[in-house]
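Remarks on the overall topology
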Amino acid sequence: MRLRHIPGAEEQIAESPYVIQTPQANKGRWAEAFGSGSPIQIEVGMGKGKFLMELAAANPNINYVGIEIYSSVLLKAIQKRKDMELPNLWFLRVDARNLADIFGPGEVEKIYLNFSDPWPKDRHAKRRLTSPVFMRVYDKILKPEGVVEFKTDNQALFEYSLESIPSAGWKVEQYTFDLHRSPYAEGNVMTEYETKFLAEGKPICKLTARREVGREMPE
């Protein structure tokens, strides 16, 4: 689906106090940026930000960073953020392929991937956020015990991910094809898409993954 561009979105993002404009300057120094040494968790492709704002409000001792590349979508998150007092939440408008230029090795505790673009054509597989290409990026910034958590309504993408993640040297620890009828539903925070799909009766798939034990972290 083609996103409708909001005129002036880029200018409003550039002026927003909730967006880090030069995130590369914080590489290895995010504790200073937040003013605390709390764990850092990020969401790649955060959309309008409902999921991350709820997490930040519920967990003040965790620092969160929302990644969104589309200006018009990020602007909607900024507008929602204005009504909330969340000193532990920042936004970035960056391409996820560049995350290793923004976060230092082991600087991130957890990465959330929620309802990512499925890129259904085989020739676009490298663009999927659970492809080996992106798993190598996450490898560079996650702590040794770091976790990737992925949710989607797209079963084909989920099945692809169950194969692609282990092929990149990761272990899928838990997974379900129907989150809301599984033991993993307890404590689940829903995104905008998740709320919509659940109302339509679509099952939600979820997995968590960690590095294989004993595998060396990339430099």
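Look a little higher up for the structure.
Brief notes about the overall build of the protein
Helix and strand counts for the protein come out as seven helices and seven strands. Written out in order from the N terminus, the α and β elements of the protein read α-α-β-α-β-α-β-β-α-β-α-β-α-β. Overall, the protein is about 40 × 40 × 35 Å in size when its C-alpha atoms are taken along their principal axes. Out of the 219 residues in the protein, the part that is buried amounts to 48%. For the protein, contacts bridging at least 24 residues in sequence account for 76% of all contacts bridging at least 6. In the structure as shown, the protein presents an accessible area of about 11,500 Å², 50% of it carried by carbon and sulfur atoms. Across the protein, 30 positive and 30 negative side-chain charges occur, with their mean positions spaced 4 Å apart.

Considering the pairing of strand 4 (residues 108–114)
Put simply, side chains in a regular strand alternate between the two faces of the sheet. Counting buried positions along strand 4 gives six out of seven residues, so the element sits mostly inside the fold. Examined bridge by bridge, strand 1 (residues 40–44) and strand 4 share four bridges and lie parallel to one another. Within strand 4, the position partnered with Q41 by the bridge is K110. Following the backbone out of strand 4, through helix 5 (residues 132–141) and into the adjacent parallel strand 5 (residues 142–152), one traces a crossover that is right-handed.

What about the pairing of strand 1?
Within strand 1, five of the five residues are buried, which leaves it mostly tucked inside the rest of the structure. Residue alternation in strand 1 divides its side chains into two sets, I40, I42 and V44 and Q41 and E43, and both sets are buried. Here five bridges tie strand 1 to strand 2 (residues 63–67), and the two strands are oriented parallel to one another. Note that in strand 2 the partner of V44 across the bridge is I67. In this view, the connection linking strand 1 to its parallel neighbour strand 2 by way of helix 3 (residues 50–58) has right-handed handedness.

Here's the deal with the sheet that holds strand 2
Taken together, the seven strands give an open sheet; going across it, the order is 3-2-1-4-5-7-6, and neighbouring strands pair in mixed fashion. Each edge of the open sheet is held by one strand with a lone partner, namely strand 3 (89–92) and strand 6 (170–176). Taken pair by pair, the neighbouring strands of this sheet meet at an average axis angle of 20°, ignoring direction.

Quick look at the pattern of salt bridges
Inspection of every chain in the model, using the stated rule, returns 11 salt bridges. In this structure, the salt-bridge partner of K196 is E200, at a minimum N-O distance of 3.1 Å. Residue class for K196 comes out partly exposed when judged on its relative accessible area of 43%. In this structure, E200 engages K202 in a salt bridge whose closest nitrogen and oxygen atoms are separated by 3.6 Å. Overall, K202 belongs to the partly exposed group, its relative accessible area being 34%.

So, how was this worked out
Residues numbered from 1 in each chain as written. Predicted model: local features only at pLDDT ≥ 70, side-chain atom pairs only at ≥ 80, totals over all residues. Heavy atoms only, no water. Helix = DSSP H or I, 4+ residues; strand = E, 2+ residues; numbered from the N terminus. Buried < 20%, exposed > 50% of the residue type's maximum accessible area, 1.4 Å probe, protein only. Contact = heavy atoms within 4.5 Å. Areas by Shrake-Rupley, 256 points an atom, 1.4 Å probe, with all protein chains shown as cover. Lys, Arg positive; Asp, Glu negative; His and termini not counted. Charge placed at Lys NZ, Arg CZ, Asp CG, Glu CD. Pairing = 2+ DSSP bridges. Right-handed = clockwise from strand over helix to strand, strands pointing away. Axes fitted to C-alpha atoms, helices over the stretch in contact; angles between N-to-C directions. Salt bridge = Lys/Arg side-chain N within 4 Å of Asp/Glu carboxyl O.

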